[in-house]
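# Structure at a glance
Each chain, written out:
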Amino acid sequence: MAAPSFDLIESIRAIQKQKRLIIIITVLAAAVGCLFSVVKKKKYRAEARFLVNNPLYGDRHTLFRSYETRYVDYFGGDDDLDRVTALGNSDTVRDRIIRNCDFDKIYKFGGISNDTAHAMYMNVFSKNFNLKRTEYKDIVVSYIAYDPITAAGVVNMSVKVLEETFRHYYTSMKKGMGISISMKVKQLDSSINSLTDTLANLRDKYGIYNIISPARQNLMSGEVKGGGKGYGKAIEEIQNVESVKDQLVSDRAHYISLMNEYSAAISDSIDYLKVITRAVPPTGPTGPTALMTSVMCGSVGLFFVIVFVLFMAYYRKLNEALKG
């Protein structure tokens, strides 16, 4: 037996017959949605925007450029934005944020040093935290919390930690270079002091006090007075020691200049991130309003009750066909 037909006209008639039921279910669904929206705990979303500065502007080659003119863009490129995004998604940065924001006092899962509680704090942060790039080459950081002050505080702390971490990536290498040069200067000081003592003893021994170092190219050596057996060797010894000492003194001065450049390049006054919109406590909750929730729930209820009515009408018609 062929299945009975159920066209559009019959569908409209079935809906009209059950319009009271449809209206009741739709109103109930809208009421439930409105009640749920009113009863559920409100969440608040705060966000901040910042630009990434070009780290090359904090490099010593840019700060003390004197022999070459090269344009360096003020804003960081795509690679710099990718690095900041990678840092924002790293566990190291997120761990610092939850510790600085005292998540153990906000969510109260237990001590933050406890592994289980720490994992729960990290999971909560990951669910509510969002960091994304925009087409304008800025980065938007947002966080959702039950308290508006908490949401804004977490966002601002996130930006602060990101700036410190991104800065430390560059300044730590410069600081290490400065320490390495400082250690070399100490070695040179020791060598220069030793050569100074040696040179002073040689001059007193042979009575030669003229400057006879070939390393001092701009200095015209005067006539060296004296003579006798061994006098020539004395001059050569003094000249050798003095030339080495002069070179070490020159190297020491160059190293100290480098140390000053590196110390200037790691100054905290150089910003690596520029905040253009600081997070403030939001005035209203995030998500759909009570009216929107009611409309959505009512629409869902209307759809399903119509499907149910049509299914039951077709089922009754099919039963009548089988009995007939």
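That block above? That's the structure.
Notes on the structure follow. Positions within a chain are numbered from 1, following the residues in the order the chain's sequence is written. This being a predicted model, a pLDDT of at least 70 is required before a residue's local features are given, and a value of 80 or more before pairs of side-chain atoms are given or counted; all residues contribute to the totals for chains, interfaces and linings. Computation of side-chain values: all heavy atoms of the structure, hydrogens and water removed.

Think of a salt bridge as a Lys or Arg side-chain nitrogen and an Asp or Glu carboxyl oxygen that are within 4 Å of each other. Counted according to the given criterion, the structure contains 12 salt bridges. Where R49 meets D138, a salt bridge forms, and the shortest distance between an N and an O atom there is 3.1 Å. With R49 in strand β1 (residues 44–52) and D138 in the loop between β2 (129–133) and β3 (139–145), this pair connects stretches of sequence that are 89 residues apart. The cut-offs for exposure are 20% and 50% of the maximum accessible area for each residue type, with area from a 1.4 Å probe on protein chains only; residues under the lower value are buried, those over the upper are exposed, and the others partly exposed. In this structure R49 comes out as partly exposed when scored by relative accessible area, which is 28%. Across the pair E242 and R203 runs a salt bridge whose closest N-O atoms are separated by 2.9 Å. Of the two residues, E242 is situated in helix α9 (residues 231–265) and R203 in helix α8 (residues 148–206); the sequence distance between them amounts to 39 residues. Of the two residues examined, E242 and R203, each falls in the buried class. One continuous salt-bridge network, built from bridges that share partners, spans R45, E47, R49 and D138. Numbering of helices and strands starts at the N terminus; helices are DSSP runs of H or I of at least 4 residues and strands are runs of E of at least 2.

A word on a positive patch on the surface. On the surface, K40, K42, K43 and K127 cluster together into a patch of positive charge. As for its position among the elements, K43 is in the loop between α2 (19–39) and β1. Residue classification places K43 among the partly exposed positions, given a relative accessible area of 35%. Each patch is built from residues lacking any salt bridge and having more than 30% relative accessible area; the joining distance is 9 Å for like charges and 5 Å for nonpolar side chains (Val, Leu, Ile, Met, Phe, Trp, Tyr). Every accessible area reported is derived by Shrake-Rupley at a probe size of 1.4 Å, with residue values counting cover from the shown protein chains alone. Charge counting follows a simple rule: Lys and Arg are positive, Asp and Glu are negative, and His as well as the terminal groups are ignored. Just so you know, the charge point we use is NZ for Lys, CZ for Arg, CG for Asp and CD for Glu.

A few words on the sheet that holds β1. Strands were regarded as paired on the criterion that DSSP finds at least two bridges between them. Pairing is antiparallel across the open sheet formed by four strands, whose spatial order is β2-β3-β1-β4. For this open sheet the edge positions go to β2 and β4 (273–277), each flanked by a neighbour on one side alone. Averaged over all neighbouring strand pairs, the angle between strand axes comes to 25°, with direction disregarded. Two strands pair when backbone bridges link them, and β1 and β3 are joined in this way by seven bridges, in the antiparallel orientation. Bridged to A48 within β3 is V141. We call two residues in contact when some of their heavy atoms are within 4.5 Å. To obtain each axis, a line is fitted to C-alpha atoms, and for helices this fit is confined to the stretch in contact; angles are then taken between N-to-C directions over 0 to 180 degrees. Here helix α4 (residues 78–88) sits on the sheet and contacts β1, β2, β3 and β4; the angle it forms with β2, its principal contact strand, is near 170°.

Looking at where T165 falls in the secondary structure, it is placed in helix α8. Residues T165 and V84, 81 residues apart in the sequence, show an inter-C-alpha distance of 8.9 Å.

Generally, phi is negative for residues other than glycine and the peptide bonds are trans, each holding for most cases. Positive phi, normally seen in glycine, also occurs at K108, with a value near 55°. Along the polypeptide, K108 turns up in the loop between α6 (103–106) and α7 (115–128). Taking relative accessible area as the criterion, K108 reaches 66% and is therefore assigned exposed. Within the chain, K137 stands out as a residue other than glycine whose phi angle is a positive 65°.

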